[in-house]
Amino acid sequence: AQSVTQLDSQVPVFEEAPVELRCNYSSSVSVYLFWYVQYPNQGLQLLLKYLSGSTLVKGINGFEAEFNKSQTSFHLRKPSVHISDTAEYFCAVSEALIQGAQKLVFGQGTRLTINP
Amino acid sequence: DAMVIQNPRYQVTQFGKPVTLSCSQTLNHNVMYWYQQKSSQAPKLLFHYYDKDFNNEADTPDNFQSRRPNTSFCFLDIRSPGLGDAAMYLCATSRSSGGFQETQYFGPGTRLLVL
């Protein structure tokens, strides 16, 4: 079974500072990796995903992530954060189900708090 | 805009009283999923439908059932809610295009409180 570890449960950052949210995965097969964001009392919104190809993936809201196969990592970065980035961030790996459906296996989440 | 809609957003029920949560989608996706997210935890898949085919996760309690009367709608039934079933329930949809990892689109969730 695949698994995901998010190394930081909480990350406080000052506005306009850079941020990195760390994610490591465990998988013995090809992986498909995702970052989702969850604002308070809302569902999950896709930030970006890695399926194949370039290891640097750009997403919405200025976020990007780098897939590193040798380190089994998929860290999320943003060069300058805004107050509105305050949210919970989930890293996930996709596990194939029958008939082409897939199960997302999530990490425990990282709560990003942006301070003015 | 195409979307995933969940109703109600908040649901209060009594211990042991059956409750139904609903999800609808305008994306015309053939796969629908239900996830359970307990407080400060990661979402966990309960089951999914591929068209009308129901697929249960091995560790999903029998207390949880689901119905999908058509492509657009999917229901989550909790037959006898316990205090431990209080959680956010997230509905998601995706296409299934064989060999590609499609994005799952999530609804806003229904927060269930059991008294």
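Because the structure is predicted, anything quoted here is derived from the model rather than measured.

Left-over empty space is what a probe sized like a water molecule reveals as it rolls over the atoms. Estimates place the volume of the largest pocket at around 470 Å³. Forming the walls of the largest pocket are 23 residues, and the residues nearest its centre are Gln38(A), Glu88(A), Arg111(A), Gln37(B) and Ser40(B). Elements that contribute at least two residues to the lining of the largest pocket include exactly β10 (87–96) and β12 (110–115) of chain A. For the lining of the largest pocket, the class distribution of residues is six nonpolar, 13 polar and four charged. Here the second largest pocket is characterised by a volume of approximately 210 Å³. Forming the walls of the second largest pocket are 14 residues, and the residues nearest its centre are Ala42(B), Pro43(B), Lys44(B), Leu45(B) and Asp59(B). When residues of the lining of the second largest pocket are assigned to their parent elements, the largest contribution, three residues, is made by strand β11 (residues 102–106) of chain A. Broken down by class, the residue content of the lining of the second largest pocket amounts to five nonpolar, four polar and five charged.

All names here are of chain B. Per the stated rule, a full pass over the model turns up two disulfides over all chains. Sulfur-sulfur distance for the disulfide between cysteine 23 and cysteine 91 comes to 2.0 Å. Linking cysteine 23 and cysteine 91, the disulfide has an S-S dihedral of approximately -70° and is accordingly described as left-handed. Taken together, the residues cysteine 23 in strand β3 (residues 19–25) and cysteine 91 in strand β9 (residues 87–94) connect sequence positions 68 residues apart. Assessed through its relative accessible area of 0%, cysteine 23 is described here as buried. Here cysteine 74 is not disulfide-linked; the sulfur of cysteine 91 is the nearest cysteine sulfur, at 6.0 Å.

Definitions and cut-offs
- Residues numbered from 1 in each chain as written.
- Chains lettered and ligands numbered in written order.
- Predicted model: local features only at pLDDT ≥ 70, side-chain atom pairs only at ≥ 80, totals over all residues.
- Heavy atoms only, no water.
- 1 Å grid on protein atoms, 1.4 Å probe; cavity = no way out; pocket = protein on both sides within 12 Å on 5 of 7 lines; lining within 4 Å.
- Points joined across faces, edges and corners; volume = space filled by probe spheres on them.
- Helix = DSSP H or I, 4+ residues; strand = E, 2+ residues; numbered from the N terminus.
- Nonpolar A, V, L, I, M, F, W, Y, C, P; charged D, E, K, R; others polar.
- Disulfide = S-S within 2.5 Å.
- Buried < 20%, exposed > 50% of the residue type's maximum accessible area, 1.4 Å probe, protein only.

In short, geometric facts, not functional conclusions.
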